[in-house]
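# Architecture at a glance
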Amino acid sequence: MSARDKLYFASDFHLGSGGYAASREREGRLVRWLDMIKADASEVFLMGDVFDFWFEYKTVVPKGYTRFIGKLAELTDAGIKLYLFKGNHDMWMFDYFERELGAVIISDELEIERNGKKFYLHHGDGLGPGDNLYKLLKKIFRSKLCQWLFARIHPNLGVGIANYWSKNSRIAKNKWESPLLVEQEMLVIAGRELIRSHPYNYLIFGHRHLPLDIKLNDQSRYINLGEWINYNSYAVFDGKELTLHHFEKPDLS
């Protein structure tokens, strides 16, 4: 295999959350991580909630994140394939990153096969049992009508409303997620349903904010990528195995 032969997966950076100073510090960490992986990455999958809020007006995008977006451009200019998944915080991502970075935008799930291993990739929002109110809201927010109406709002007001919502989110309040029994994890339940009809080796999600690696059966594993406020966690596939890692050794006590 070539020197650039690894697949990297990460999720839930929530850039913009926690105030300017905290977001800039997190952005710097992400730039250092991208610098580290650019030597051996062939593909990078950023699996949703990269931004705590994102909306692309026809001629305007949210300001900030210059170093992070610039580093992504550096990777794609070097021939590294970039996939950006829509999360529940940045579902209003349209074609800006396609045009500027050559990124592939993924609205929902992506199925891939690499080196004989089958992957199911999804941010994770709206999957599994329950959470019916969010599932309804997701359909509304993703509708063309809702997007058209929001685009009519001046960016100062629209982004202001979004930032107010973000301040009350679980990630903005830095609430640590608590692990549940495996049988109660919604995404584990969704994964078990998926492998009944599809022999995936790896089912990789974000959204849950807990780095998890759970064996579903002899050939399938559920991987949650965690987040970058408390864990700095990501996954790497080296052509044979997929493993979870933490960048710059965060304090997990």
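Quick summary incoming for the structure in this document. Since the structure is predicted, the reported quantities are computational estimates derived from the model, not experimental observations.

Relative to strand β6 (residues 117–122), strand β5 (residues 110–114) is paired through 5 bridges, and the arrangement is antiparallel. Residue pairing for β6: Glu-113 is matched across the bridge by Lys-118.

This part is about the sheet that holds strand β7 (residues 202–205). If you trace the 5 strands from one edge of the open sheet to the other, you get β5-β6-β7-β9-β8, paired in mixed fashion. Either end of the sheet is taken by a strand with one partner, and the two such strands are β5 and β8 (211–215). Each neighbouring strand pair of the sheet contributes to a mean axis angle of 15 degrees, computed without reference to strand direction.

We now examine the nonpolar core. Ranked by internal contacts, the top residues of the largest apolar core, which has 32 residues, are Phe-13, Trp-33, Leu-46, Phe-51, Phe-68, Leu-84 and Phe-97. For this core, the elements supplying multiple residues, two or more each, are β1 (6–10), α1 (20–37), β2 (41–46), α2 (66–77), β3 (81–85), α3 (96–101) and β10 (233–237). When residues in this core are grouped by element, the largest group, 5 residues, is from α2. Apart from the residues within four sequence positions on either side, Trp-33 is in contact with Tyr-8, Ala-10, Phe-13, Leu-46, Trp-228, Tyr-234 and Phe-247.

It is the contact of α1 with α2, at a shortest axis distance of 9 Å, that shows an interaxial angle of 15 degrees. Compared by their axis directions, α1 and α2 come out roughly parallel. The chirality of how α1 crosses α2 is left-handed. Counted together, Arg-24, Glu-27, Leu-30, Val-31, Leu-34 and Asp-35 of α1 and Thr-66, Arg-67, Phe-68, Lys-71, Leu-72, Glu-74 and Leu-75 of α2 form the full contact between these two elements. Classifying every residue of the contact of α1 with α2 by side-chain character gives 6 nonpolar, 1 polar and 6 charged.

Taken as a whole, this structure holds 26 aromatic pairs when the rule is applied. Judged by centre distance (6.5 Å) and plane angle (70 degrees), the ring pair of Phe-13 and Trp-33 falls under edge-to-face. Of this pair, Phe-13 sits in the loop between β1 and α1 while Trp-33 sits in helix α1, and the two are 20 residues apart along the sequence. Feature note: the residues Tyr-8, Phe-13, Trp-33, Phe-51, Trp-54, Tyr-65, Phe-68, Tyr-96, Phe-97, Trp-228, Tyr-234 and Phe-247 constitute an aromatic cluster, connected by ring pairs.

Here we come to the side chain of Ser-220. By the element assignment, Ser-220 lies in the loop between β8 and β9 (221–225). A distance of 2.5 Å separates a polar side-chain atom of Ser-220 from the backbone oxygen of Tyr-200. Excluding its chain neighbours within four sequence positions, the residues that come into contact with Ser-220 are Ile-195, Tyr-200, Asn-201, Leu-203, Ile-214 and Lys-215.

Looking now at helix α5 (residues 144–151). Taken together, the buried positions of α5 are Cys-146, Gln-147 and Phe-150. Along the long axis of α5, the arc covered by the buried residues comes to 100 degrees, so they all point the same way. Opposite the buried face of α5, by more than 90 degrees, sit the exposed residues Lys-144 and Leu-145.

With 18 residues, α1 extends 26 Å from end C-alpha to end C-alpha; this agrees with the ideal 26 Å at 1.5 Å per step. For α1, the full list of buried residues reads Ser-23, Arg-26, Glu-27, Gly-28, Arg-29, Leu-30, Val-31, Trp-33, Leu-34 and Ile-37. Here the buried face of α1 lies against β1, β2, α2 and β10.

It is possible for side chains bearing opposite charge to pair when their charged atoms get close. Across all of its chains, the model carries 15 salt bridges by this definition. The salt bridge partner of Arg-24 is Glu-27, with a shortest N-O separation of 3.7 Å. In this pair, Arg-24 and Glu-27 both sit in helix α1, 3 residues apart, roughly one turn of the helix. For the salt bridge of Glu-43 with Arg-114, the shortest nitrogen-to-oxygen distance reads 2.8 Å. Within this pair, whereas Glu-43 is found in strand β2, its partner Arg-114 is found in strand β5, the two being separated by 71 residues in sequence. You can call Glu-43 buried: its relative accessible area is 10%. Among the charged side chains, a network of salt bridges with common partners joins Asp-35, Lys-38, Lys-71 and Glu-74.

This paragraph deals with the sheet that holds strand β11 (residues 242–246). As summarised here, the arrangement of the 6 strands in space is β4-β3-β2-β1-β10-β11, forming an open sheet in which the pairing is mixed. Each edge of the open sheet is held by one strand with a lone partner, namely β4 (104–106) and β11. Across the sheet, the mean angle separating the axes of adjacent strands is 20 degrees when strand polarity is ignored. Relative to β11, β10 runs antiparallel, the two being bridged by 5 bridges. Counterpart to Val-236 in the pairing with β11 is Thr-243.

Criteria and thresholds
- Residues numbered from 1 in each chain as written.
- Predicted model: local features only at pLDDT ≥ 70, side-chain atom pairs only at ≥ 80, totals over all residues.
- Heavy atoms only, no water.
- Pairing = 2+ DSSP bridges.
- Helix = DSSP H or I, 4+ residues; strand = E, 2+ residues; numbered from the N terminus.
- Axes fitted to C-alpha atoms, helices over the stretch in contact; angles between N-to-C directions.
- Core = buried A, V, L, I, M, F, W, Y, C linked by side-chain atoms within 4.5 Å.
- Buried < 20%, exposed > 50% of the residue type's maximum accessible area, 1.4 Å probe, protein only.
- Contact = heavy atoms within 4.5 Å.
- Parallel < 35°, antiparallel > 145°, perpendicular 65-115°, else oblique.
- Left-handed = near helix turned anticlockwise from the far one by under 90°.
- Nonpolar A, V, L, I, M, F, W, Y, C, P; charged D, E, K, R; others polar.
- Phe/Tyr/Trp six-rings, centres within 6.5 Å; stacked < 30°, edge-to-face > 60°.
- Polar contact = N/O pair within 3.5 Å; in protein donor to acceptor, adjacent residues only side chain to side chain.
- Arc of directions from axis to C-beta.
- Expected span 1.5 Å × (residues − 1).
- Salt bridge = Lys/Arg side-chain N within 4 Å of Asp/Glu carboxyl O.

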